[in-house]
Amino acid sequence: PFIASLQDGNPEATKRAERTPQYKSRTYIRLQAILAENVRRLRDEHGWTQEEAAHRCSMSTRLLQSVEAGEPNLTLTTVARLCDGFGIDAASLFTK
């Protein structure tokens, strides 16, 4: 499939399609939901708006909104920025 996609000129589309089942796994969905819930809870505990939390986490408001909405495929960089912004460790983001 990769060679065929190179011939078609879009290898990234093939790679994304191959990863799609990963985003539907029970573990992935559970981790995503826990992360979203914890970020919303932390923001509420600090009394921050989404804009303030995004600023403190060095990210756009849209990115923070996508985290809180449980949208897929966050990068490790995004997780690190959340940890720094909220002053917590990564385990805290994924613990229910």
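This structure is a prediction, so every number in the text was calculated from the model and none was measured. (Residues numbered from 1 in each chain as written. Predicted model: local features only at pLDDT ≥ 70, side-chain atom pairs only at ≥ 80, totals over all residues. Heavy atoms only, no water.)

## Considering the nonpolar core
- Leu-35, Val-39, Met-59, Leu-64, Leu-82, Phe-86 and Leu-93 are the most contacted members of the largest nonpolar core, which totals 15 residues.
- Put simply, the parts of the chain that give this core at least two residues each are helix 3 (26–46), helix 4 (50–56), helix 5 (61–68) and helix 6 (76–86).
- A per-element tally of this core places helix 6 first, with 4 residues.
- In this structure, Leu-93 is in contact with Ile-34, Leu-35, Asn-38, Val-39, Leu-42, Val-79, Leu-82, Cys-83 and Ile-88, ignoring residues within four places of it in sequence. (Core = buried A, V, L, I, M, F, W, Y, C linked by side-chain atoms within 4.5 Å. Buried < 20%, exposed > 50% of the residue type's maximum accessible area, 1.4 Å probe, protein only. Helix = DSSP H or I, 4+ residues; strand = E, 2+ residues; numbered from the N terminus. Contact = heavy atoms within 4.5 Å.)

## Comments concerning unusual backbone geometry
- Of note, the phi angle at Ser-58 is positive, near 55°, even though the residue is not glycine.
- For Ser-58, a relative accessible area of 53% corresponds to the exposed category.

## Describing the side chain of Gln-32
- When you line up the elements, Gln-32 lands in helix 3.
- Contacts of Gln-32, omitting those with residues within four sequence positions, involve Gly-70, Glu-71, Pro-72 and Asn-73.

## Considering helix 6
- For helix 6, the set of buried residues is Thr-78, Val-79, Leu-82, Cys-83, Gly-85 and Phe-86.
- Along its buried surface, helix 6 packs onto helix 3, helix 4, helix 5 and helix 7 (90–93).
- Downstream of helix 6 by one or two residues, Gly-87 has phi in the positive range, about 65°.

## Comments concerning the pattern of salt bridges
- Going through the model one piece at a time under the given rule, you end up with 5 salt bridges.
- A salt bridge links Arg-43 to Glu-68; its shortest N-O distance comes to 2.6 Å. Taken together, the residues Arg-43 in helix 3 and Glu-68 in helix 5 connect sequence positions 25 residues apart. Each member of the pair, Arg-43 together with Glu-68, is buried.
- One salt bridge connects Arg-56 with Glu-52, and the closest N-O pair in it is separated by 2.5 Å. Residue Arg-56 and its partner Glu-52 are located together in helix 4, separated by 4 residues, close to a single helical turn.
- Look at Glu-52 and you get partly exposed, because its relative accessible area is 28%. (Salt bridge = Lys/Arg side-chain N within 4 Å of Asp/Glu carboxyl O.)

## As for the packing of helix 5 against helix 6
- Look at helix 5 against helix 6: their axes get within 12 Å of each other, and the N-to-C directions meet at 95°. Our classification of the angle between helix 5 and helix 6 gives roughly perpendicular. Contacts between helix 5 and helix 6 pair Leu-63, Leu-64 and Val-67 from the former with Thr-78, Arg-81 and Leu-82 from the latter.
- Here the contact of helix 5 with helix 6 is composed, by residue class, of 4 nonpolar, 1 polar and 1 charged. (Axes fitted to C-alpha atoms, helices over the stretch in contact; angles between N-to-C directions. Parallel < 35°, antiparallel > 145°, perpendicular 65-115°, else oblique. Nonpolar A, V, L, I, M, F, W, Y, C, P; charged D, E, K, R; others polar.)

None of this, on its own, says anything about what the molecule does.
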